[in-house]
Amino acid sequence: MRERVHPEDVTSFRQVMERAAQEGRDFTFECRLRMPDGRVKYLYVVAHAIRNDTTDVKFVGAVMDVTAIRLAELELHKTRTALAHVMRVTSLGELTASIAHEVNQPLGAVVTNAEACLCWLDRENPNLNAVHASVEMILRDGNRAGEIIRRVRALAVKTDTQLVPLNLNEVVSEAVAFVQHELLSAGVSLRTELATALPLILADKVQLQQVILNLVINGIEAMHAITDRARELVIRSEQNEAQQVQVTVTDCGVGFSEENAQRLFDAFFTTKSSGMGRGRIWAASNGAQGAVIRFTLPVHQMVVL
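Residues numbered from 1 in each chain as written. Predicted model: local features only at pLDDT ≥ 70, side-chain atom pairs only at ≥ 80, totals over all residues. Heavy atoms only, no water.

A. Molecular detail of the overall build of the protein chain. Looking only at helices and strands, the protein chain has 8 helices and 10 strands in total. Across the 305 residues in the protein chain, those meeting the buried criterion constitute 34%. Put simply, 63% of the contacts in the protein chain that link residues at least 6 apart link residues at least 24 apart. For the protein chain, the exposed area adds up to about 18700 Å²; of that, 55% sits on carbon and sulfur atoms. (Helix = DSSP H or I, 4+ residues; strand = E, 2+ residues; numbered from the N terminus. Buried < 20%, exposed > 50% of the residue type's maximum accessible area, 1.4 Å probe, protein only. Contact = heavy atoms within 4.5 Å. Areas by Shrake-Rupley, 256 points an atom, 1.4 Å probe, with all protein chains shown as cover.)

Following this line, the structure appears as structure tokens:
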């Protein structure tokens, strides 16, 4: 069996075997085997330690072939990744005007500052200090445009989930930048109430931005038909009693019934005329006006060495 253990699992397999021999205690582990025909099998092993009068230890156990389960999990992960990519690309299509507006702002500033730079250089006595300042502004706005494009590419590229420590407020601010045009066009005012000194969270940045974008777009669409009150969307971040970081998105739109509030947690259910739904998160009515959507995120646990 040792000879057939998958190269990536050899080290962990050896450690388990050595620890079992030294400590003589029950153990479980999972590893992959490379079969002679090239196939890979996933095995789950359970062993129980039995001691006799001479203090020798024997192990009685069972080996389960869990290949079908693991392969099904891998396929499910691929499907979820593909679906998340489709959702991100769909959202980007809806945000085209905002993205164009975000990119055009720094590019317009670059052109203006470049023209000013030429004017300062074409003078009989060139103002080099003004030229230097203009060039610095060109660099600043060029980098800003590049950062916007980088964020758009991150949302569009199909990638696996990457859980990393993140500053939630920074993620919210970046996501909100994408929807400024939609907010303005719909006559919606956005208020952010982001708590200071929040602990870092452990999440996938692209997926988290996708969630925030979806909730904001849903809130904007929910207020399209509202004419008797101000259209306001509120995004709030805080640390709740369970010491998790919590995000709340509140709108004053059409809301939903108690029946629909329960079904919002069903996959692909939506009260919109189009869309994939809001996902498996907490939902509540905002009194008689609108909806309150909440989700929590795990805090990143720092490891002290």
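Anyway, onward from the coordinates.
B. Focus on the sheet that holds strand 2 (residues 40-51). As summarised here, the arrangement of the 3 strands in space is 1-2-3, forming an open sheet in which the pairing is antiparallel. Looking along the sheet, the strands with just one partner apiece sit at the ends: strand 1 (27-34) and strand 3 (57-65). Strand after strand, the sheet turns through a mean of 30 degrees between neighbouring axes, direction not considered. For strand 1 and strand 2, the ladder comprises 8 bridges, and the chain directions are antiparallel. Looking at strand 2, one finds that Arg32 is bridged to Tyr42. (Pairing = 2+ DSSP bridges. Axes fitted to C-alpha atoms, helices over the stretch in contact; angles between N-to-C directions.)

C. Representation of helix 7 (residues 205-222). Given a rise of 1.5 Å per residue, 18 residues ought to cover 26 Å, and the 26 Å separating the end C-alpha atoms of helix 7 matches this to within 8%. Most of helix 7 is tucked away, with 14 of its 18 residues classed as buried. (Expected span 1.5 Å × (residues − 1).)

D. Main features of the packing of helix 5 (residues 168-177) against helix 7. Look at helix 5 against helix 7: their axes get within 9 Å of each other, and the N-to-C directions meet at 55 degrees. In this view, helix 5 runs oblique relative to helix 7, as classed from their interaxial angle. Helix 5 and helix 7 meet at a crossing whose hand is right-handed. Here Leu168, Val171, Val172, Glu174 and Ala175 of helix 5 come into contact with helix 7, specifically with Lys205, Leu208, Gln209, Ile212 and Leu213. Per-class residue counts for the contact of helix 5 with helix 7 are 7 nonpolar, 1 polar and 2 charged. (Parallel < 35°, antiparallel > 145°, perpendicular 65-115°, else oblique. Left-handed = near helix turned anticlockwise from the far one by under 90°. Nonpolar A, V, L, I, M, F, W, Y, C, P; charged D, E, K, R; others polar.)

E. Inspection of the pairing of strand 7 (residues 232-239) at higher detail. When strand 5 (residues 189-194) meets strand 7, the two strands line up parallel, connected through 6 bridges. Each residue of the ladder has a partner; that of Arg191, found in strand 7, is Val234. Pairing geometry for strand 7 and strand 8 (residues 245-250), over 6 bridges, is antiparallel. Looking at the pairing, Arg236 lines up with Thr248 of strand 8. Between strand 7 and strand 8, which pair antiparallel and follow one another directly, the connecting turn spans 5 residues, one of which, Gln243, has a positive phi of 65 degrees.

F. Structural detail: the nonpolar core. In this structure, Leu168, Ile201, Leu208, Ile212, Val216, Ile235 and Phe295 are the most contacted members of the largest nonpolar core, which totals 36 residues. Ranked by residues supplied to this core, first place goes to helix 7 with 6 residues. Contacts of Ile201, omitting those with residues within four sequence positions, involve Val164, Pro165, Leu166, Leu168, Leu208, Val245, Leu297, Pro298, Val299 and His300. Formed by 12 residues, the second largest nonpolar core is a distinct cluster that contains Val16, Phe29, Leu43 and Ala47. (Core = buried A, V, L, I, M, F, W, Y, C linked by side-chain atoms within 4.5 Å.)

G. Representation of helix 5. Of all 10 residues in helix 5, 8 are buried; the element is thus mostly enclosed. Turning to helix 5, its buried residues number three or more, namely Leu168, Asn169, Val171, Val172, Glu174, Ala175, Val176 and Ala177. With a side-chain oxygen lying 3.0 Å from the backbone nitrogen of Asn169, the N-terminal cap of helix 5 falls on Asn167. (Polar contact = N/O pair within 3.5 Å; in protein donor to acceptor, adjacent residues only side chain to side chain.)

H. Structural view of the environment of Ile281. Structurally, Ile281 can be placed in the loop between helix 8 (258-263) and strand 9 (282-285). Judged by its relative accessible area of 13%, Ile281 is buried. For the pair Ile281 and Thr296, spaced 15 residues apart in the sequence, the C-alpha separation amounts to 8.4 Å.

I. Region of interest: the packing of aromatic side chains. Under the defined criterion, the tally for this structure stands at 3 aromatic pairs. Residues Phe13 and Phe29 carry aromatic rings whose centres are separated by 5.7 Å and whose planes lie at 70 degrees to one another, so their mutual orientation is edge-to-face. Residue Phe13 is located in helix 1 (residues 10-23), and its partner Phe29 is located in strand 1; the two are separated by 16 residues in the primary sequence. The two residues Phe13 and Phe29 agree in class, both being buried. Residues Phe27 and Phe29 carry aromatic rings whose centres are separated by 6.0 Å and whose planes lie at 20 degrees to one another, so their mutual orientation is stacked. The same class applies to Phe27 as to Phe29, namely buried. One aromatic cluster in this structure is built from Phe13, Phe27, Phe29 and Phe59. (Phe/Tyr/Trp six-rings, centres within 6.5 Å; stacked < 30°, edge-to-face > 60°.)

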